[in-house]
Amino acid sequence: MSLTTHHLYFQATAATPVELDEQAGSQVRGALVGALWERFCTNKAAPSCACCPLLTACPVATLVAPMREAGETGGEQRPRPYVVRPPAGQRYEPGEPLAFGLVLVGPAAQLFPYVVMAVHEVERQGIGRPLHANAGRRGRVSVDGIMAVNPLTGEELVLFRHGERQVRSPGLPIGTVEVTTHAAALSADRLTLRFRTPLRLIEQERLVRVFEPRPFVQRLAWRLDELGRAYGDGPLVHDRAVLAEAAAAVQVIDDCTRWVDVVSYSSRTRQRTPIGGLVGSVTLAGDLAPLRELLVWGSLVHVGKNAVKGDGWYEIGVIEHAHTVPADTLSHRASHV
């Protein structure tokens, strides 16, 4: 079975002071979704995407509210075909670079032009917290460039630079072949997972506050099955029970994770949502061969709750090139400020 992901990184420069939350994925997602809705929704009177007669033909709904078709099992909605990768910092002064990522899953890559236009709308609307220094407005950024990145190999492809009139189509897709090849090169008996954003797992209605291999693998296998059914040609996991059994035999030999409490706020619903979880690193030992491909997929699509907001983003070992877009790859516009 197959699934494809495209990894996009957006390099911007702060034009005014920008202040983000500790886990800013929710703010990046909110800014992008708000911009998509503002720019492309043609029926703003509809109370929700699910109630809109234009649902099946709307690019906004395809990304932010993908509904299941008749006969599909599961809840009302499919998993959303994207995840956000938040900036590394919280405070940016004018002229400082700010980078964030977006992963598009399966056919969602075809909506890349809409994403580009939404990012330019974010330039106008701003991002982050309203600040006194900005007269009560959010911080403004200017987009310097957009890149396609392969986080498994470090390969990069520039899709857009400031000043260019055209944007190239996303390249460097990652699919089953790339994942299998990368997984085969990993250690089969010892791996370290480094959580860049909070890992929030729930098992039997309880928060998993100490890393456990079995619920981690089970949740990841479920997510990959859901994504494969919705956006690939079928489930990616053939036997969840076998993977769960393999995970139960894995040992945690070095747990350097800690729990962080983080809350996201929705200006649309006026509600706060807990998005905290485990951050840090954990080293696993044992027979990891049956789990390697699953773990590589998880590093690409995130795992656990709030994945679309950027939670559950981890790397396997040290992958320096997967952190952010290299600053020297795109031309920054400090002089633009």
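This structure is a prediction, so every number in the text was calculated from the model and none was measured.

1. Re helix α3 (residues 112–125)
So, point 1. For α3, built from 14 residues, the straight-helix expectation of 20 Å at 1.5 Å per residue is met to within 8% by its first-to-last C-alpha distance of 20 Å.
So, point 2. Of the positions making up α3, those classed as buried are F112, V115, V116, A118, V119, E121, V122 and E123.

2. A look at the sheet that holds strand β9 (residues 156–161)
So, point 1. Judged by pairing direction, the sheet is antiparallel, and its five strands sit side by side in the order β3-β5-β1-β8-β9 without closing on themselves. Single-partner strands in this sheet number two, and they are β3 (82–85) and β9. Taking each pair of neighbouring strands and ignoring which way they run, the sheet shows an average axis angle of 25 degrees.
So, point 2. Of the pairings in the sheet, the one linking strand β8 (residues 141–149) to β9 comprises five bridges and is antiparallel in character. Among the inter-strand pairings, V149 is bridged to a residue of β9, identified as E156.
So, point 3. In the packing of helix α1 (residues 25–40) onto the sheet, contacts are made with β3 and β5 (97–105), and the angle to β3 comes to roughly 125 degrees.

3. Things to note about the confidence of the model for the chain
So, point 1. Here the chain shows a mean pLDDT of 89. Residues at 70 or above account for 91%.
So, point 2. Between residues 319–337, whose pLDDT stays under 50, and residues either more than four places distant or in other chains, the model counts 53 contacts.

4. What to know about the side chain of N134
So, point 1. The topology assignment puts N134 in the loop between β6 (127–131) and β7 (137–139).
So, point 2. Note on N134: relative accessible area 11%, which makes it buried.
So, point 3. For N134, the side chain forms a polar contact with the main-chain oxygen of P17, separated by 2.8 Å.
So, point 4. Once residues within four sequence positions are removed from consideration, N134 is found in contact with T16, P17 and G139.

5. Looking at the sheet that holds strand β10 (residues 190–199)
So, point 1. Pairing in this open sheet of four strands is antiparallel, and the strands run β13-β16-β10-β17 from one edge to the other. Of all strands in the sheet, those with a lone pairing partner are β13 (251–260) and β17 (314–316), marking the two edges. Sheet twist, expressed as the average angle between the axes of neighbouring strands with direction ignored, equals 10 degrees.
So, point 2. Pairing analysis gives nine bridges linking β13 to strand β16 (residues 277–285), with the strands arranged antiparallel. Looking across to β16, one finds that Q251 is bridged to A285.
So, point 3. This element, helix α5 (residues 213–231), spans β10, β13, β16 and β17 of the sheet and lies at about 70 degrees to β10.
So, point 4. Set on the sheet, helix α7 (residues 292–301) makes contact with β10 and β17; between it and β17 the angle comes to about 140 degrees.

Conventions we followed
- Residues numbered from 1 in each chain as written.
- Predicted model: local features only at pLDDT ≥ 70, side-chain atom pairs only at ≥ 80, totals over all residues.
- Heavy atoms only, no water.
- Helix = DSSP H or I, 4+ residues; strand = E, 2+ residues; numbered from the N terminus.
- Expected span 1.5 Å × (residues − 1).
- Buried < 20%, exposed > 50% of the residue type's maximum accessible area, 1.4 Å probe, protein only.
- Pairing = 2+ DSSP bridges.
- Axes fitted to C-alpha atoms, helices over the stretch in contact; angles between N-to-C directions.
- Contact = heavy atoms within 4.5 Å.
- pLDDT = per-residue confidence, 0-100.
- Polar contact = N/O pair within 3.5 Å; in protein donor to acceptor, adjacent residues only side chain to side chain.

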